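# Chains, contacts and geometry: an overview
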Amino acid sequence: MAEHGATVLRVCRAVLGPADADDAWSETFLAALKAYPRLPADANVEAWLVTIAHRKAIDVTRAAARRAVPVADVPEPPPAGQADGRDTELADALAALPRRQREAIAYHYLAGLPYQDVAAITGGSTDAARRAAADGIARLRKTYPGAALPDGENS
Amino acid sequence: MTTNHEPDLLQGLPAVTEAELAVLHDRLAARADTDGVLDVAYRTLDTPVGSLLLAATETGLVRVAYPIEGHDQVLQALAARVSPRILNAPRRLDPAAREIDEYFAGQRHVFDLPLDYRLATGFRRKVLGHLPGIGYGTTASYATVAAAVGSPRAFRAVGTACATNPLPVVLPCHRVIKSGGDLGNYRGGPAAKQLLLNLEAA
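Within any chain, residue numbers begin from 1 and follow the written order of that chain's sequence. Each chain is given a letter, starting from A, and each ligand a number, starting from 1, according to the order in which they appear as written. Predicted model: local features are reported for residues with pLDDT of at least 70 only, side-chain atom pairs are reported and counted for 80 or more only, and whole-chain, interface and lining totals are derived from all residues.

## Quick look at the overall build of chain A
In plain terms, the rule: Helical segments are the DSSP runs of H or I of at least four residues, strand segments are the runs of E of at least two, and each set is numbered from the N terminus.
Along the backbone of chain A there are 7 helices and 0 strands. When the elements of chain A are put in sequence order from the N terminus, they spell out α-α-α-α-α-α-α.

## What about the domain arrangement of chain B?
All names here are of chain B. Here is the rule: The source of the domain bounds is an automatic or database domain assignment. Once C-beta atoms have been placed from the backbone, residue pairs whose C-beta atoms lie within 7 Å are recorded as contacts.
The assigned domain composition of chain B is domain 1 (15–104) and domain 2 (122–201). For domain 1 and domain 2, the distance between their C-alpha centres works out to 25 Å. In this assembly, 10 residues from domain 1 lie in contact with 12 residues from domain 2. Those elements that provide at least two residues to the side of domain 1 that touches domain 2 are β3 (61–65) and α3 (94–104).

## Focus on the environment of Gln 116 of chain A
Summarising the element assignment, Gln 116 of chain A is placed in helix α6 (residues 115–122). Distance in space between the C-alpha atoms of Gln 116 of chain A and Arg 66 of chain A is 33 Å, their sequence separation being 50 residues.

## Observations concerning the interface of chain A and chain B
Put simply, the rule is: The residue classification treats Ala, Val, Leu, Ile, Met, Phe, Trp, Tyr, Cys and Pro as nonpolar and Asp, Glu, Lys and Arg as charged. All others, Gly included, are polar.
Between chain A and chain B, the residue contacts involve 35 residues of the former and 26 residues of the latter. Elements with a minimum of two residues in the side of chain A that touches chain B: α1 (5–16), α2 (18–35), α4 (89–95), α5 (99–110) and α7 (126–143) of chain A. The dominant element in the side of chain A that touches chain B, judged by the number of residues it contributes, is α2 of chain A, at 7 residues. Of the residues contributing to the side of chain A that touches chain B, the split by class is 19 nonpolar, 8 polar and 8 charged.

## Comments concerning the sheet that holds strand β4 (residues 86–88) of chain B
All names here are of chain B. Defined as follows: Two strands form a pair only when DSSP identifies at least two bridges running between them. Angular values range over 0 to 180 degrees, each being the angle between N-to-C directions of two axes fitted as lines to C-alpha atoms, with helices fitted over their stretch in contact.
Ordered in space as β3-β2-β1-β4, the 4 strands form an open sheet in which the pairing is mixed. Of all the strands in the sheet, the pair left with one neighbour each is β3 and β4. Here the strands of the sheet are splayed against their neighbours by 25 degrees on average, with no regard to which way each runs. Looking at chain direction, strand β1 (residues 40–47) and β4 are connected through 3 bridges and run parallel. Within β4, the residue paired with Val 40 across the bridge is Ile 86.

## Things to note about the confidence of the model for chain B
Defined as follows: Scored between 0 and 100, pLDDT is the confidence that the predictor attaches to each residue.
Considering every residue of chain B, the mean pLDDT works out to 93; 98% of them sit at 70 or more. Across the predicted assembly, pTM comes out at 0.79 and ipTM at 0.78.

In structure tokens form, the structure reads like this:
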């Protein structure tokens, strides 16, 4: 299970952003640990973990919405690019996509699941999942300044 | 597992570092332990006989494994025989690691640890229970141990019990040798057995 830790964290970050990703990751693996003895031996562990992560990400988002309180002073927006020199522009561009597109991109491209599995997790049809990922990637190419020009992406 | 070609673009996402994962993993191990879903905790410990794998259930130390046994195989066997809820969670092994360190430093002659004997049953379990009675710095023959557990002719079975001891070093099967003085076999290899006996003779 530990070997999937990095993949699940990338998925959580892509869907939720870095601030809430750690919580979703922890909740995912804790739930997985509890349920693991009941997992069939031939199950696809990564798809199973992503399915749990999807539900936990929704929980985390709801909890964050409940916590949110209106503030009089709007805090300073974080500077583009972190102090450690990491490029966060792409992560920011990803965060600006609709949730369904972020999910489709994360589950298909970062977790490597086929669109059929992505659709089973997010609901909706396989075609809709494929379209959400394609639309999301197309949008990223437009909004992320560092993106290369379209190179005929057709997965 | 299908792998989908990741658009070049996504490779620009910040990488997940080992350090970040280690922090998350430690936090998970602590929470799993609190929630009672950490059935087996393990860690490795560097010693003069190589890197030992230490694993503990909530009952106690359940496995000590030598490098030649293949730590990955041992962990897989633990997952199958004890529980798949296994995590690298050193905290539960702190007392065992400390006592084993003290033993190799020559400062400890008797282990005082809760032990989980579930990986040994029947006659083997009986033999293991007798091993702590063979004092530090002394040896006993397979035949003597067989007699002591009430089956004088079962010295070969005693050999098997020692060879499959799930808790070597802590349960001192290295102190059981052949009647003629030959060291006999050892789970950690003959060199490890010799090293332990030399350590105790010093």
